[in-house]
Protein chains: 2
Amino acid sequence: MSASAVSFQPPFSLVRDVAVLRQNVAAWRAAGLRVALVPTMGALHDGHLSLVRLGLAHADRVVVSLFVNPTQFGPAEDFAAYPRQEGEDAAALRTAGAHLLYAPDVAGMYPEGFATTVSVAGVSEGLCGDHRPGHFQGVATVVTKLLLRVLPDVALFGEKDYQQVQVIRRVVTDLDIPVKIVAGPTVREADGLALSSRNAYLSPAERAVAPTLHRVLQEAAAALRAGEAAALVLERARSALSAAGFGPLDYLDLRDAETLVPLASLGSRRAARLLVAVKLGRTRLIDNIPVLADAP
Amino acid sequence: MSASAVSFQPPFSLVRDVAVLRQNVAAWRAAGLRVALVPTMGALHDGHLSLVRLGLAHADRVVVSLFVNPTQFGPAEDFAAYPRQEGEDAAALRTAGAHLLYAPDVAGMYPEGFATTVSVAGVSEGLCGDHRPGHFQGVATVVTKLLLRVLPDVALFGEKDYQQVQVIRRVVTDLDIPVKIVAGPTVREADGLALSSRNAYLSPAERAVAPTLHRVLQEAAAALRAGEAAALVLERARSALSAAGFGPLDYLDLRDAETLVPLASLGSRRAARLLVAVKLGRTRLIDNIPVLADAP
């Protein structure tokens, strides 16, 4: 590729209206182009931008949505405080090569009279589903709307929100939404902390403690792979978090990687995942890693 | 149009597999053709066929789905007994000019692991929603799936199931399903009985009584338009049904034609509708008619 091709800045637009969004996508479709969607709540970090880059590998045009969705926040949660920085986000997306930022307002997403809910049994229950009532209904409903507004070929979500990805896979399969779901790996700081818009809430002291979360997961995964009993390993990991200054703990569990059913032990037949949600000061952090059994 | 054009029999196919369905629709789309969907539970009568004809007026190709949806029947309802006559239905559709009959089996619609529900507040509540718990969740979920499997330009539903039409309009608007919903008027026998697959359950004696349902609605609508108090008119209509041998009554109500909110009187600002559901012997009959206020 020539230097001039590398420096070519693709057109980039900010769209708030669903009709304009659909016109853009229809024009791309008419030109035979494939379209990717990266749904976000803004406050973008390199985890989001990695999904844009992954989108560019799967499609010709990448739409990023930015919508801080009120229905997935509980009444005591941080909807009002959630970081909002649309100008910075738009600049970062343009640099990353995204083509369109779709940023509707709340009334554009939920007009007067709105009354429909998409809910998912099974994978929505337990874990964050128990600790954030209504959260995954809010996620399933807004993601269904975003997918049907854009009708992309592929939609990309980060594995940091692992349960969310499983819920969305379930909705897309069950409702026959014609889109391929691709999960991007969690992007981490050099010290292992998973990138999250909520990391901005951490004090310097909390930020110094935060990487322990990933280290504890890694040690637990290694112990499980070495054949230690799951109940013992999980209890030790929970104690380690508490000792490091985390708490209270929502959960630290070993689950089937697809159904999220609790696993009493690491079997060899199915992929497993360690998932954690815990408070650090006033900030709720989540993380997860795969735990593969040794080949039999 | 020449005689030979009139007698031309369009190609007609029976499809059970969603991938084949989508291939057919994609080929039509690629040819620039508009597509209509008429969802049915089979046991087709002229009400259904009128929707096929309406579909042909709105689109170049008409898909009819035939699926007796188990999730919209209550445990004490007539799922097992519901009339099934696929061969006759296919023949009637071919004659009516439909192009494709999509008839999946239950496992093709709800594969193992299926866990997602679409539910609608407001218009789903009251009326049949109170008397058939879970019914409109079942309807909203399966219609969402059918619309997303076919992705038609237009989908047609009969006004005989008036509350269902309002529920579907709400789902399509709220979830941003890219389809236009068209409601077709109720088709009636010469004596006024609304066509229904369940009319086949009526004994000859019940069939003779059944047209009273529509007559009572018409008389109530006339009294309302003449300015009589709604409470009185509805009470007289309920008594008339009981005297004719109907009962028990699920409801006979005056409602806002769009939101289905109960109306205490006929206002001049919004369209109103009379809706009834009542047993006749072992058969549950429903019907509804518009009640327009006189111009102010």
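Residues numbered from 1 in each chain as written. Chains lettered and ligands numbered in written order. Predicted model: local features only at pLDDT ≥ 70, side-chain atom pairs only at ≥ 80, totals over all residues. Heavy atoms only, no water.

**What about the overall build of chain A?**
Our working rule: Numbering of helices and strands runs from the N terminus; a helix is a DSSP stretch of H or I covering at least four residues, while a strand is a stretch of E covering at least two. For a compact globule the rule gives 2.2 Å times the number of residues to the power 0.38, and the radius of gyration it is set against comes from C-alpha atoms. What makes two residues a contact is simply this: any of their non-hydrogen atoms within 4.5 Å. For accessible areas, the Shrake-Rupley method is used with a probe of radius 1.4 Å. Any residue's cover is judged against the shown protein chains and nothing else. Asp and Glu are treated as the negative residues and Lys and Arg as the positive ones, with His and the ends of the chain left uncounted. The location of each charge is read from NZ of Lys, CZ of Arg, CG of Asp or CD of Glu.
Across its full length, chain A holds 11 helices and 10 strands. The C-alpha radius of gyration of chain A comes to 20 Å, within 12% of the 19 Å expected for a compact globule of 296 residues. Across its three principal directions, the C-alpha atoms of chain A cover 55 × 50 × 45 Å. Across chain A, contacts joining residues at least 24 apart in sequence account for 73% of those joining residues at least 6 apart. A total accessible area of about 13000 Å² is found for chain A, and carbon and sulfur atoms account for 55% of it. With 29 positive and 29 negative side-chain charges, chain A shows a separation of 2 Å between the mean positions of the two kinds.

**Re the pattern of salt bridges**
Applicable threshold: Between Lys or Arg on one side and Asp or Glu on the other, a salt bridge is scored when a side-chain nitrogen of the former is within 4 Å of a carboxyl oxygen of the latter. We call a residue buried when its accessible area falls under 20% of the maximum for its residue type, exposed when it is over 50%, and partly exposed in between, using a 1.4 Å probe and counting protein chains only.
Enumeration over the complete set of coordinates arrives at 32 salt bridges over all chains. For the salt bridge of Asp176(B) with Arg149(A), the shortest nitrogen-to-oxygen distance reads 2.9 Å. With Asp176(B) in the loop between helix 8 (162-175) and strand 7 (180-184) and Arg149(A) in helix 7 (residues 135-150), this residue pair bridges two chains. Judged by its relative accessible area of 9%, Asp176(B) is buried. Residue classification places Arg149(A) among the buried positions, given a relative accessible area of 4%. Taking the shortest distance from any N to any O, the salt bridge between Asp191(A) and Arg207(A) comes out at 3.1 Å. Here Asp191(A) is found in the loop between strand 7 (180-184) and helix 9 (204-209), whereas its partner Arg207(A) is found in helix 9, with 16 residues between them in sequence.

**Considering helix 4 (residues 86-96) of chain B**
All names here are of chain B. To keep things clear, this is the line we draw: Note that the arc is computed from the directions linking the helix axis to the C-beta atoms.
Along helix 4, the positions that sit buried rather than exposed are Asp89, Ala90, Leu93 and Ala96. In a view along the axis of helix 4, the buried residues occupy a sector of 130 degrees, so they form one face of it. Within helix 4, the exposed residues directed more than 90 degrees away from the buried face are Gly87, Glu88 and Thr95. Residues of helix 4 that are buried make contact with helix 3 (46-58), strand 3 (61-66) and strand 4 (100-102).

**Re the pairing of strand 10 (residues 283-291) of chain B**
Residues and elements named next belong to chain B. Selection criterion: Criterion used throughout: strands pair if DSSP finds at least two bridges between them.
Within strand 10, seven of the nine residues are buried, which leaves the element mostly enclosed by the surrounding structure. For strand 9 (residues 272-280) and strand 10, the ladder comprises nine bridges, and the chain directions are antiparallel. Bridge pairing links Val278 to Leu285 in strand 10.

**A look at the packing of aromatic side chains**
Put simply, the rule reads: Working definition: rings of Phe, Tyr and Trp (its six-membered ring) pair if their centres are within 6.5 Å, and the pair is stacked with planes under 30 degrees apart, edge-to-face with planes over 60 apart, and tilted otherwise. Our definition puts a charge over a ring when NZ of Lys or CZ of Arg is within 6 Å of the ring centre and also within 35 degrees of the ring normal.
Scanning all chains against the criterion turns up eight aromatic pairs over all chains. Consider the rings of Phe73(B) and Tyr82(B), whose centres lie 5.7 Å apart with planes at 75 degrees: the pair is edge-to-face. Like Phe73(B), the residue Tyr82(B) is buried in the burial classification. Each residue in the set Phe67(A), Tyr110(A) and Phe114(A) is aromatic and connected to the rest through ring pairs, giving one cluster. The residue whose ring lies beneath Arg84(A) is Phe79(A), and the NZ or CZ to ring-centre distance is 4.9 Å.

**Comments concerning the environment of Glu159(A)**
Tracing the backbone through its elements, the reader meets Glu159(A) in the loop between strand 6 (154-158) and helix 8 (162-175). Taking the C-alpha atoms as reference, Glu159(A) lies 18 Å from Ala57(A); in sequence the two are 102 residues apart.

**Focus: the relation of the copies chain A and chain B**
Here the second copy of the chain follows from the first by a rotation about an axis and a shift along it. Test applied: C-alpha atoms of residues with pLDDT of at least 70 in both copies form the basis for the least-squares superposition of the copies.
Here chain A sits on chain B after a turn of 180 degrees about the axis and a move of 0.0 Å along it, with an RMSD of 0.0 Å. Look at the turn and shift together and you get a two-fold axis relating the two. Looking at the rotation axis and the C-alpha trace of chain A, the residue lying nearest is Val118(A), at 2.3 Å. A symmetric contact is evident, with 100% of the interface residues of chain A recurring at the interface of chain B.

**So, the interface of chain A and chain B**
Counted only if it meets this: For any pair of parts, buried area is found by adding up, for both, the accessible area (1.4 Å probe) each one loses once the two are put together. We call two N or O atoms a polar contact when they sit within 3.5 Å, provided that within protein one can donate a hydrogen and the other can accept it, with sequence-adjacent residues counted only if both atoms are side-chain atoms. Each residue receives one of three labels: charged for Asp, Glu, Lys and Arg, nonpolar for Ala, Val, Leu, Ile, Met, Phe, Trp, Tyr, Cys and Pro, and polar for the others, Gly being one of them.
Each partner contributes residues to the interface: chain A has 24 residues there, and chain B has 24 residues. Contact between chain A and chain B buries roughly 2000 Å² in total, counting both sides, with carbon and sulfur atoms accounting for 53%. The largest share of the area that chain A buries against chain B comes from Thr116(A), Leu175(A) and Asp176(A), three residues that together contribute 29% of it. Two residues, Asp176(A) and Lys145(B), come together in a salt bridge whose shortest N-O distance is 2.7 Å. There are 18 residue pairs in polar contact (both at pLDDT 80 or more) connecting chain A and chain B. Breaking the side of chain A that touches chain B down by element, the ones donating at least two residues are strand 5 (116-120), helix 7 and helix 8 of chain A. Here the side of chain A that touches chain B is composed, by residue class, of 11 nonpolar, six polar and seven charged. Two strands pair when backbone bridges link them, and strand 5 of chain A and strand 5 (residues 116-120) of chain B are joined in this way by five bridges, in the antiparallel orientation. Note that in strand 5 of chain B the partner of Thr117(A) across the bridge is Ser119(B).

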